[in-house]
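Each chain, written out:
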Amino acid sequence: METRIGTGYDVHHFTDGDAVWLGGVEIPHNRRLMGHSDADVALHALTDALLGAIGEGDIGIHFPPSDPQWKGARSAVFLRHAGDLVARRGGRIVNVDVTIVCEAPKIAPHAAAMQATIGEALGIATSRIAIKATTNEKLGFIGREEGIVAMASASVEVPRVD
Ligand code: MG
């Protein structure tokens, strides 16, 4: 086995609404995030981190925004697919780490629920899942609350093939 890592980044902008999906959890808010799916930036970044770790392209290749079947989709479907690709290689996820950057909503009260949802989708213990959050100190587009950014990294063990 060899250990591999991947990283992911995503951003979605706010529009009118009353809740945001973050880390697979619906959080009441005075806006929602715009996107073809549920616009869950955290799960999109995490999906890309897992895909990156196994060199399987990115979320847009597996789930094209132009494909109507993903309209309004729960992003847990995307995450589960990335986890399945790791498993199909005979690999396992060592740990994942997600950072959400926003002024609001507050993430900490929902972090445990996000860990549970991600753990369920990936079939791993919540002790292998870190959810972190920070504000952008009111700077730039995040500071003006125009959108939310998420970054993620993932470590996997897979059979060595070369
Ligand atoms: Mg996205």
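Scroll up to find the structure this text is about.
Only a predicted model underlies this, so the values are computations on that prediction, with no experimental measurement involved.

*Asks:* Any chance you could break down the side chain of Ser 37 for me, citing the residues and the numbers?
*Replies:* Relative to the helices and strands, Ser 37 is located in the loop between β4 (31-33) and α1 (41-53). Taking relative accessible area as the criterion, Ser 37 reaches 12% and is therefore assigned buried. Those residues in contact with Ser 37, other than ones at most four positions away along the chain, are His 44, Trp 70, Gly 72, Ala 73, Ser 75 and Phe 78.

*Asks:* Got a sec to walk through the pattern of salt bridges? Specific residues and values, please.
*Replies:* According to the stated counting rule, one finds 9 salt bridges in the structure shown. Note that Glu 56 and Arg 89 form a salt bridge whose closest N and O atoms lie 3.4 Å from each other. One end of the pair, Glu 56, is in the loop between α1 and α2 (59-62); the other, Arg 89, is in the loop between α3 (76-88) and β5 (92-101), and 33 residues separate them in sequence. The partner of Asp 97 in a salt bridge is Lys 132, and the shortest N-O contact between them spans 2.6 Å. Of this pair, Asp 97 sits in strand β5 while Lys 132 sits in strand β6 (residues 129-134), placing them 35 residues apart in sequence. Assessed through its relative accessible area of 37%, Lys 132 is described here as partly exposed. Here the residues in one salt-bridge network are Glu 2, Arg 4, Arg 160 and Asp 162, joined through shared partners.

*Asks:* Just give me the short version of unusual backbone geometry, but keep the residues and values in it.
*Replies:* The step from Ala 104 to Pro 105 runs through a cis peptide bond, and the omega angle for that step is 0°. Counting through the fold element by element, Pro 105 comes out in the loop between β5 and α4 (111-122). Of note in the backbone geometry, Glu 145 takes a positive phi value of approximately 55° without being a glycine. Relative to the assigned elements, Glu 145 resides in the loop between α5 (140-143) and β7 (147-158).

*Asks:* Explain the coordination of the magnesium ion to me, and be specific about the residues and the numbers.
*Replies:* All of the protein donors around the magnesium ion are Asp 10 (OD), His 12 (NE2) and His 44 (ND1); their distances to the metal are 2.1 to 2.2 Å. Of note, the magnesium ion draws all its donor residues from one chain, in the sequence arrangement D-x1-H-x31-H. Taken together, the residues span a long stretch of sequence, with His 12 in strand β1 (residues 2-16) and His 44 in helix α1 at a distance of 32 residues. Note on accessibility: His 12 and His 44 belong to one class, buried.

*Asks:* Could you give an account of the sheet that holds β6, with specific residues and numbers?
*Replies:* Two pairing modes exist for strands in a sheet, parallel and antiparallel, and in both the strands are linked by backbone hydrogen bonds. Reading across the sheet, the 5 strands line up as β4-β1-β7-β5-β6 and stay open at both edges, with mixed pairing between neighbours. At either margin of the open sheet sits one strand with a lone partner, and together these are β4 and β6. Averaged over all neighbouring strand pairs, the angle between strand axes comes to 20°, with direction disregarded. One ladder, built from 12 bridges, connects β1 with β7; its direction is antiparallel. When the sheet's bridge partners are listed, Thr 7 is paired in β7 with Ser 153. Strands in contact with α1 are β1, β4, β5 and β7; relative to β1, the strand with the most contacts, it is inclined by about 155°. Docked against the sheet, α4 engages β5 and β6, running at close to 140° with respect to β6.

*Asks:* Go over a nonpolar patch on the surface, please, and point to the residues and values.
*Replies:* A surface patch of nonpolar side chains, amounting to about 340 Å² of accessible area, comprises Tyr 9, Val 11, Phe 141 and Met 151. By relative accessible area, which is 34% here, Val 11 ends up partly exposed.

*Asks:* Go over the packing of aromatic side chains, please, and point to the residues and values.
*Replies:* With the rule as written, the count across this model stands at 3 aromatic pairs. With 5.9 Å between their ring centres and 80° between their planes, Trp 70 and Phe 78 make a pair best called edge-to-face. Taken as a pair, Trp 70 and Phe 78 share a single burial class, namely buried. Among the aromatic side chains, those forming a connected cluster through ring pairs are Phe 63, Trp 70 and Phe 78. Its guanidinium or amino end placed over the ring of Trp 21, Arg 74 lies 4.0 Å from that ring's centre, counting from NZ or CZ.

Rules behind the numbers
- Residues numbered from 1 in each chain as written.
- Predicted model: local features only at pLDDT ≥ 70, side-chain atom pairs only at ≥ 80, totals over all residues.
- Heavy atoms only, no water.
- Helix = DSSP H or I, 4+ residues; strand = E, 2+ residues; numbered from the N terminus.
- Buried < 20%, exposed > 50% of the residue type's maximum accessible area, 1.4 Å probe, protein only.
- Contact = heavy atoms within 4.5 Å.
- Salt bridge = Lys/Arg side-chain N within 4 Å of Asp/Glu carboxyl O.
- Donors = N, O, S within 2.8 Å, 3.2 Å for Na, K, Ca; no water.
- Pairing = 2+ DSSP bridges.
- Axes fitted to C-alpha atoms, helices over the stretch in contact; angles between N-to-C directions.
- Patch = residues over 30% accessible without salt bridge, like charges linked within 9 Å, V, L, I, M, F, W, Y side chains within 5 Å.
- Areas by Shrake-Rupley, 256 points an atom, 1.4 Å probe, with all protein chains shown as cover.
- Phe/Tyr/Trp six-rings, centres within 6.5 Å; stacked < 30°, edge-to-face > 60°.
- Lys NZ or Arg CZ within 6 Å of the ring centre and 35° of its normal.

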